[in-house]
Structures are given as structure tokens and as C-alpha cells.
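These are the residues of each chain, in order.
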Amino acid sequence: IVTNFRTLDSVYPFSTMNASSNPFIYPKGVNFAMPESFVFKGERFKANQFIKDSWTTGLLVIQNDSIVFEKYYLGNTETTKNISWSMAKSFISALIGIAIADGFIDNINQNVEDYVPELVGTAYEGVRIKDVLQMSTGVAFDEDYGDFFSDINRWGRSFALGSSQDDFAATLKRETKPGTVNHYVSINTHVLGMILDRATGRSITSYMQEKLIEPLGIEYDSYWIKDGENMEVALGGLNMTLRDYAKIGSLYMHNGLWRNNQIISEDWVKVSVVSEGQHVQPGESFGYGYQWWIPEGEKGEFMAIGVYNQYIYINPITHTIVVKLSANPRYNDVEFEPSSDYASLEFFRSIAEHFENIEIREELNLNEQ
């Protein structure tokens, strides 16, 4: 798994996005010591053991736009391009927001078939783009990676054989009324990719190169794996380095403004990272925004999450970004705490709270002076 996740360009067709002509190199901040432990479900976990047990291949902490912790494991390095899995969905969301600002998409209350007429007569007919963004399409789908016969694994086998993802999306059935139930369907993001492709008249690779790669200052070449019909795997096929994944976090941390360039509108960023509507509120699970996960709490945190424990965690109050790449072979073991997204969230919170506590102490010192 570790090797596969960094060598997918040797297995599948792919399209390259060149490093930015003006790369942004994060400056080095003051190194901080990783918290020794954190608490999850009343149990204390040693941080270093948690990192090891979840098969971490890269861990990066950005504080106030500077690197304060960066470490690689299991053979990865700062130049290793690693599969994003579903963290790619958050990049696709950003591109949708940019396409709206560019005038290619009128608004998210339009129906899918307005841009992808070949989905007329399928479960996606009559579904708003907003419903797709919020994983509330009403499409029936089993996302259980541990079940050989699940829909996501059926899709995986189809993709591996070079079949069209467009055709696969058209086979899905309606289960509930669109816009009423939050149900995670990875193929929804492929449909967003289809909308981008048709609306802009450009490939995802080409559009992202201009709209995100270049202005964000992406440091290294990156790539999308593609299906047999030359379509990018929008739902999870992005491959970048650890530092370059952090830049989408930096962009959203700064409300779409990066290096004096408003890359995404501030309004799009703000509405993307909140749970708008009762059906997407956090409760027993994470809430959901526009292809971003929203933890329960009052700190405005949001996350991009991919299977096998890939994460981009953003805490706008403490100005902290944590990126964790992993290749956890026990990801489907629900009894194994290092596989839990919720345990990882508490690990990230322990890092952010370190900086929050420093700010409180500094403020107290200033008041005393």
C-alpha cells in the first residue's frame, strides 16, 4: 500500500500539472515539539505511537503560514507525490467556485443536466449542483471499502479495467429526494468533474493548472490519474506533495486570498466550510459543507479527508494547518482507533490547542506588563 500510493503514475494513465512558474516556499517557523499525547474517548494515546500505528507517510504542521513541523516516514520525502484519495474533492469544490466567478456556471441552484445533458433520465436528473456539492443527491450508493461487492468497490474494479466513469455515474439509482439527506457518494464528485469539463470546455487538469496550480505557487509537478476515456478521477485521483496539499488549506485559511491574489471569492470560501441546512449538520458524524467535512464545535474547523487516513485540517482560530498522508492497511478496522477519523481529529486538535495556549499565555504576559 505504501509503495502503491506514491507510484500510481506507473499503473494508470495520468495528466501532469507543471509546478508553478512562481513557486511559493513556506518559510520555516520556530520548531515545536509534538504533544506527547492526546485523549480520545477517555483514553490517552501517545502521539508518536499513533503516528506509527496509522502508517503515516508524511506529517506537516503550518502555523501562521510557516512550517513548524515536517517529517516523512516509510520512504516518502518532500518530493514524493502521494495519492490524495478523497481530499481531491475539496480541490474540485474550489474549481467549481472559480468556474462560477469566471461565468462558466451561473449558480449552484441549477440542475446537473443543464451542463451534462447526457445525465437526463438518470438518478442525477433534477438534482441541483448544490445538492451534489453537499453530498445530498438522493442517489443510492454503498461506500463500504471493506465490502467487496459495495458500489465503491464495483466502481474501483470498473475503473481499473479502463471503463468510463461517466457511464458508471449513469447507472446509479435514486433512493431519496435530492436535497434532504446527506449521504456520501464519491461518484457525486465525478459528476462535479463532468460539470467542470462541460461548462469550461477544458479538462480538469488544464483548468486547475491555470486557476490553482499557478497562483497558489505549487512547488512540484503534480498529476491526476485518469480513466480509459481520458477523464480525470475527480473523486480522488489527485497526486501532490505534502507541502503542496497544504496550500489549499492556506488559501481557505485566508478566505481565498493568497499572495495578494483573490483566487477564490471570499463568499465561496465562507459558504463552502459551513454546514448549511439541517440535513448536513454535525451530530453523530461530521457535518458537511461543499465537499469539506465540518467537525462539531465552535472553532470553525474544517477538513479534507481521504480513505486510509489522508487529511488536511484547518483551524482558522489558531491559524493552524495540519496535513497528514498515510497508507493504513487497517483503515477498514472500525475497532482499531488509529484508523478513526475522529481520533485523528483529536490528534490535530491537540496540535492546534498547543498554539492556542501559547497565544493565551502571551496575551496574559502582555496584560501583566
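Residues numbered from 1 in each chain as written. Predicted model: local features only at pLDDT ≥ 70, side-chain atom pairs only at ≥ 80, totals over all residues. Heavy atoms only, no water.

Draft legend 1. Geometry of the pattern of salt bridges. Scanning the model with the defined rule gives 19 salt bridges in all. Close ionic contact of Glu118 with Arg198 constitutes a salt bridge, the shortest N to O distance being 2.5 Å. Linking Glu118 in the loop between α3 (88-101) and α4 (129-133) with Arg198 in helix α7 (residues 186-200), this pair joins segments that are 80 residues apart in sequence. We classify Glu118 as partly exposed; its relative accessible area is 42%. Two residues, Asp333 and Arg330, come together in a salt bridge whose shortest N-O distance is 2.8 Å. Classification of Asp333 by relative accessible area gives partly exposed; the value is 26%. By relative accessible area, which is 39% here, Arg330 ends up partly exposed. A single network of salt bridges, built from pairs that share partners, joins Lys28, Glu70, Glu78, Glu219 and Arg243. (Salt bridge = Lys/Arg side-chain N within 4 Å of Asp/Glu carboxyl O. Helix = DSSP H or I, 4+ residues; strand = E, 2+ residues; numbered from the N terminus. Buried < 20%, exposed > 50% of the residue type's maximum accessible area, 1.4 Å probe, protein only.)

Draft legend 2. Fine view of the packing of aromatic side chains. Counted according to the given criterion, the structure contains 32 aromatic pairs. Aromatic pair Phe5 and Tyr308: ring centres 5.2 Å apart, planes at 70 degrees, arrangement edge-to-face. Of the two residues, Phe5 sits in helix α1 (residues 2-5) while Tyr308 sits in the loop between β13 (302-306) and β14 (310-315), which places them 303 residues apart along the sequence. According to the relative accessible area criterion, Phe5 is buried, its value standing at 6%. Considering the side-chain rings of Tyr12 and Phe159, the 4.9 Å spacing of their centres and the 40 degrees angle between planes classify their relative orientation as tilted. Separated by 147 residues along the polypeptide, Tyr12 in the loop between α1 and β1 (14-17) and Phe159 in helix α5 (residues 151-160) bring together distant segments of the chain. On the basis of relative accessibility, which here comes to 24%, the residue Tyr12 falls in the partly exposed class. The residue whose ring lies beneath Arg157 is Phe148, and the NZ or CZ to ring-centre distance is 4.0 Å. (Phe/Tyr/Trp six-rings, centres within 6.5 Å; stacked < 30°, edge-to-face > 60°. Lys NZ or Arg CZ within 6 Å of the ring centre and 35° of its normal.)

Draft legend 3. Representation of helix α9 (residues 242-253) within the structure. Here α9 contains twelve residues, and its C-alpha end-to-end distance of 17 Å stays within 8% of the 16 Å for a straight helix at 1.5 Å per residue. Across the twelve residues that make up α9, a large majority, twelve, are buried. Listing the buried residues of α9 in full gives Leu242, Arg243, Asp244, Tyr245, Ala246, Lys247, Ile248, Gly249, Ser250, Leu251, Tyr252 and Met253. Positioned one or two residues after α9, Asn255 has a phi angle of 55 degrees, which is positive. (Expected span 1.5 Å × (residues − 1).)

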